[in-house]
Amino acid sequence: MTNPFHVALISTGGTIEKTYDELEGILANDCSVLELMLGTLQLDGISIDQIALMNKDSSEMSNDDHEMIAEEVEVSARTHDGVIVIHGTDTLEETGNSITERCPTLSVPCVLTGAMRPWIMKNSDAMQNLVESFAVVQLLDPGVYVAMHNRVLQFPGVVKDIEEMRFVKN
């Protein structure tokens, strides 16, 4: 039996983790749904260390938040074979750029992913993007990437195309 591929799964919130707040009548980052999502996947050969760093809508993230995520990626990369960051799409590019600047010689792949629609919605892209991130983190060379919608793009130069609702290379 081969050693498992060790992944640090850093959760920061974002649309992928939003749930419905009945009292307010809104989607909000009140609790994490990652456990539920992971429980439905067959991830043979992968060992996951979950790191709940924050649970924010990325539009509410500060520069300090982006730096905190980059710092956690730097620390996690020392002890893992790959890093996945669950992140909101509004400021995902800022975090990707922060990681690239802080960790120019990253020794493992770091994959950022999220969703345009919350996991709890019927037409969500969340599960597809999560599954893709687990697949590609095992195949990519060291560096910082976004994996969503059947695409993998490397930082720097990744931006969100608001009209197409996907990430593109600038």
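Located above this text is the structure these notes cover.
Once that is clear, we can look at the overall build of the chain. A tally of helices and strands in the chain yields 4 helices and 10 strands. When the helices and strands of the chain are listed from N to C terminus, the series reads β-β-β-α-β-α-β-α-β-α-β-β-β-β. Here the chain, with 170 residues, has 48% of them falling under the buried criterion. Relative to all contacts within the chain whose residues are 6 or more apart in sequence, the contacts with residues 24 or more apart total 65%.

For the rest of this paragraph, the subject is the pattern of salt bridges. Taken as a whole and assessed by the stated rule, the structure comprises 4 salt bridges. For E67, the salt bridge goes to R102, with nearest N and O atoms at 3.9 Å. Taken as a pair, E67 in helix α2 (residues 63-77) and R102 in helix α3 (residues 92-102) lie far apart in primary sequence, 35 residues in all. We note a salt bridge from E74 to R102, for which the minimum N-O separation is 2.8 Å. Of this pair, E74 sits in helix α2 while R102 is found in helix α3, placing the two residues 28 residues apart along the sequence. You can call E74 partly exposed: its relative accessible area is 24%. A single network of salt bridges, built from pairs that share partners, joins E67, E74 and R102.

Take the nonpolar core next. Counting 25 residues, the largest nonpolar core has V73, V83, V85, I99, C110, V146 and F167 as its most contacted members. Only β1 (5-13), α2, β5 (82-86), α3, β6 (109-113) and β7 (143-148) provide two or more residues apiece to this core. Residues contacting V83, with those up to four places away along its chain left out, are A8, I10, V73, S76, A77, V108, P109, C110, V111 and V137. Core analysis: the second largest hydrophobic core is formed by 17 residues, L38, I84, A115 and F134 among them.

In this structure E67 comes out as partly exposed when scored by relative accessible area, which is 34%. Between the C-alpha atoms of E67 and E101, which are 34 residues apart in sequence, the distance is 9.9 Å. Residues within four places of E67 in sequence aside, it is in contact with S98 and R102.

Rules used in this analysis
- Residues numbered from 1 in each chain as written.
- Predicted model: local features only at pLDDT ≥ 70, side-chain atom pairs only at ≥ 80, totals over all residues.
- Heavy atoms only, no water.
- Helix = DSSP H or I, 4+ residues; strand = E, 2+ residues; numbered from the N terminus.
- Buried < 20%, exposed > 50% of the residue type's maximum accessible area, 1.4 Å probe, protein only.
- Contact = heavy atoms within 4.5 Å.
- Salt bridge = Lys/Arg side-chain N within 4 Å of Asp/Glu carboxyl O.
- Core = buried A, V, L, I, M, F, W, Y, C linked by side-chain atoms within 4.5 Å.

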